[in-house]
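# Architecture and fold: a report
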Amino acid sequence: LEWRWCLYVSVLFALPAAAAALRLLDHAPARNRPRLDLAGTLTASAGLFALVFGLARGESDGWGEPTTITALAASGVLLVAFVAIQRTVASPLLPLRVVLDRNRGASFLAIGLASAGAFGVFLFLTFYLQNVRGMNPLETGLAFLPMSFVVAPTVAIVSTRILPRTGPRPLIPLGMVSAALGLALLTGIGVDTGYASHVLGPLVLIAVGFGFTMAPAFATATLGVPPRDSGVASAMVNTSQQVGGSIGIALLSTVAVAATNDFLAGAATDPQLTVQAAVEGYVAALWWAAGIFAAGAVICGALLRSDARPELRPGGPVEPAAPEPAAG
């Protein structure tokens, strides 16, 4: 079977989940159904599209070209307009109170930045292992397996043992620093470097960083949200991942291609030089990914509150959210 069959693995999970949902979930009709925020939906979607499009076109057309500048400028205008609309409409698509909580807003930001920086590992390290080191797809998958072995127990320990005692503030910045350090060490890869000597150790550090970042960020992003905002907060977690990943692909790919072209500029065509140029592009993208995590550590560390969130402590009080009427 060819690689396309791998995509059908989702069906094995989706069908049982759908059957269970139809049987177990109950429908609770809403007394007051808010109107759809069409203006907010259009400005947010168009603004995010323009941002990713502008970043992607920066490499192919150039950063000074009208297409790139227009797309990025339009993105800024549309996203500012989206925020303004959310402040005035009766039923906003994204009530600003959801993201203005410092811990929650920092958690959304951490998820987005981590998703953007993660592509420095999953995308370019895959290219490196297959195109430079000559691994086949199965070997490449096995090369990433240590990350799973590290991330899973790290998430479990952080979520159940550490987060309830410390809150998210020390954990998310620490995780981002660990991931940034792992990515910085990963820039030592070369045409002839080995997996055990130059890849395995950094992968473990990155995996620890992911566990310390994502576990508290996911938990804090939806913590203490009033019932009427629970859907929005949950959706923002997914949106942060998707937007961060899209921006990460566009930005880091642009950086990698630019570094590769700069290395080859004016050089004679040579297969060995071409491989070295590709590695230079991967390394440049890894440095940028490390910078994303480092910046995230600083920003999230400044935004997150220093309290240990008593509602997270074992046996600590949980303040129930007061019931609020639906918007609209």
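Above this text is the structure in question.
Let me sum up the structure you'll find in this document. Owing to the predicted nature of the structure, the values given are computational and were not obtained by experimental measurement. (Residues numbered from 1 in each chain as written. Predicted model: local features only at pLDDT ≥ 70, side-chain atom pairs only at ≥ 80, totals over all residues. Heavy atoms only, no water.)

### Focus on the overall build of the protein chain
Within the protein chain, the regular secondary structure consists of 12 helices and zero strands. For the protein chain, the succession of helices and strands along the chain, N to C, is α-α-α-α-α-α-α-α-α-α-α-α. Rg of the C-alpha trace for the protein chain: 22 Å, near the compact-globule value of 20 Å for 328 residues, within the 12% margin. Projected onto its principal axes, the C-alpha coordinates of the protein chain cover approximately 70 × 50 × 45 Å. Put simply, the protein chain has 328 residues, and 38% of those count as buried. If you take every contact in the protein chain between residues at least 6 apart in sequence, the share linking residues at least 24 apart comes to 77%. A total accessible area of about 17,700 Å² is found for the protein chain, and carbon and sulfur atoms account for 67% of it. In the protein chain, which carries 18 positive and 17 negative side-chain charges, the distance between the mean positions of the two groups comes to 15 Å. (Helix = DSSP H or I, 4+ residues; strand = E, 2+ residues; numbered from the N terminus. Rg over C-alpha atoms; globule rule 2.2 N^0.38 Å. Buried < 20%, exposed > 50% of the residue type's maximum accessible area, 1.4 Å probe, protein only. Contact = heavy atoms within 4.5 Å. Areas by Shrake-Rupley, 256 points an atom, 1.4 Å probe, with all protein chains shown as cover. Lys, Arg positive; Asp, Glu negative; His and termini not counted. Charge placed at Lys NZ, Arg CZ, Asp CG, Glu CD.)

### What about the environment of glycine 291?
The topology assignment puts glycine 291 in helix 12 (residues 271-303). Here glycine 291 falls in the partly exposed class, since its relative accessible area comes to 36%.

### Quick notes on the environment of leucine 203
Residue position: leucine 203 is located in helix 10 (residues 200-221). Along the sequence, leucine 203 and leucine 145 sit 58 residues apart, while their C-alpha atoms lie 9.7 Å from each other.

### Overview of the packing of helix 5 (residues 102-122) against helix 6 (residues 124-132)
Interhelical geometry of helix 5 versus helix 6 gives an angle of 5° and a closest axis separation of 3 Å. In this view, helix 5 runs roughly parallel relative to helix 6, as classed from their interaxial angle. Contact residues: Phe119, Gly120, Val121 and Phe122 in helix 5; Phe124, Leu125 and Thr126 in helix 6. When grouped by side-chain class, the residues that make up the contact of helix 5 with helix 6 number five nonpolar, two polar and no charged. (Axes fitted to C-alpha atoms, helices over the stretch in contact; angles between N-to-C directions. Parallel < 35°, antiparallel > 145°, perpendicular 65-115°, else oblique. Nonpolar A, V, L, I, M, F, W, Y, C, P; charged D, E, K, R; others polar.)

### A short note on the packing of aromatic side chains
A ring pair, where both rings are aromatic, is described by two values, the distance of the centres and the angle of the planes. Applying the stated criterion across every chain yields a total of eight aromatic pairs. An aromatic cluster is defined as three or more aromatic residues linked by ring pairs; in this entry it consists of Phe122, Phe144, Phe210 and Phe293. (Phe/Tyr/Trp six-rings, centres within 6.5 Å; stacked < 30°, edge-to-face > 60°.)

### Notes on the nonpolar core
Ranked by size, the top nonpolar core spans 55 residues in total, and within it Val121, Leu125, Tyr128, Met147, Leu183 and Phe293 carry the most contacts. Listed by contribution, the elements that provide at least two residues to this core are helix 5, helix 6, helix 7 (137-166), helix 8 (171-186), helix 10, helix 11 (230-264) and helix 12. Ranked by size, the runner-up nonpolar core spans six residues in total, among them Leu55, Ala250, Val255 and Ala284. (Core = buried A, V, L, I, M, F, W, Y, C linked by side-chain atoms within 4.5 Å.)

### Focus on the packing of helix 8 against helix 12
Put simply, helix 8 and helix 12 touch, their axes get as near as 8 Å, and they point 165° apart. Here helix 8 lies roughly antiparallel to helix 12, going by the angle between them. In this structure, helix 8 crosses over helix 12, and the sense of that crossing is left-handed. Note on element contacts: helix 12 touches helix 8 through Leu286, Trp287, Ala289, Ala290, Phe293, Ala294, Gly296, Ala297, Cys300 and Gly301, opposite Ile172, Pro173, Met176, Val177, Ala179, Ala180, Leu183, Ala184 and Leu186. Along the lines of polarity and charge, the residues of the contact of helix 8 with helix 12 split into 17 nonpolar, two polar and no charged. (Left-handed = near helix turned anticlockwise from the far one by under 90°.)

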